[in-house]
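For reference, the chains in residue letters:
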Amino acid sequence: MTDATGGAKGPDELRRQIERTRSELGNTVEELAGKADVKGRARARAADLRDKAGAMTVQLRSSAVEAGHTVQDRATHAGPRPVRNAVQAGLRHPRPVLVVGAAAGAVAAVGVLRWRHQHGHR
């Protein structure tokens, strides 16, 4: 359909070649525009990273919850019977445990402050 020099043999052939060339040129321009759109590519990359970070957060939370349950199970089933009973009571009623812990912390803080005052440390 083309002559020996590579040109179109007739007007219909020439129109088909022109249309094919236009289509190829349009595809090439679209590819180049996509590569030149730095802002768009950066947004897409940021969205991908946000998705990965979200998935990682869910996975880490799940692992932390699982580890917490494991520690809790070990704490309630380990040690001598009085210790186990105290741990189980603390898990059932956490408020008194927190109050006692806060009081012990306050007593320790007062002791440290007195010691520093008596020994001249500031």
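Residues numbered from 1 in each chain as written. Predicted model: local features only at pLDDT ≥ 70, side-chain atom pairs only at ≥ 80, totals over all residues. Heavy atoms only, no water.

**Re the overall build of the protein**
Reasoning step 1: Scanning the protein from N- to C-terminus turns up four helices and zero strands.
Reasoning step 2: Secondary structure elements of the protein occur, N-terminal to C-terminal, as α-α-α-α.
Reasoning step 3: Buried positions account for 3% of the 122 residues belonging to the protein.
Reasoning step 4: Carbon and sulfur atoms form 61% of the exposed surface of the protein, whose accessible area is close to 10700 Å². (Helix = DSSP H or I, 4+ residues; strand = E, 2+ residues; numbered from the N terminus. Buried < 20%, exposed > 50% of the residue type's maximum accessible area, 1.4 Å probe, protein only. Areas by Shrake-Rupley, 256 points an atom, 1.4 Å probe, with all protein chains shown as cover.)

**Notes on helix α4 (residues 94-118)**
Reasoning step 1: With 25 residues, α4 ought to run about 36 Å at 1.5 Å a step, and its terminal C-alpha atoms sit 36 Å apart, in line with that.
Reasoning step 2: One or two residues past the end of α4 sits Gly120, with phi positive at roughly 75°. (Expected span 1.5 Å × (residues − 1).)

**Digging into the side chain of Glu13**
Reasoning step 1: By the secondary structure assignment, Glu13 is in helix α1 (residues 11-36).
Reasoning step 2: With relative accessibility at 12%, the residue Glu13 sits in the buried group.

**As for the pattern of salt bridges**
Reasoning step 1: Applying the stated rule across the entire model yields three salt bridges.
Reasoning step 2: Here Arg15 and Asp12 are joined by a salt bridge, their closest N and O atoms 3.2 Å apart. Residue Arg15 and its partner Asp12 are located together in helix α1, separated by three residues, close to a single helical turn. (Salt bridge = Lys/Arg side-chain N within 4 Å of Asp/Glu carboxyl O.)

**Thoughts on the confidence of the model for the protein**
Reasoning step 1: The predicted model of the protein has a mean per-residue pLDDT of 83, with 88% of residues at 70 or higher.
Reasoning step 2: At the low end of the mean pLDDT range in the protein sits helix α3 (residues 81-92), at 77; at the high end sits α1, at 90. (pLDDT = per-residue confidence, 0-100.)

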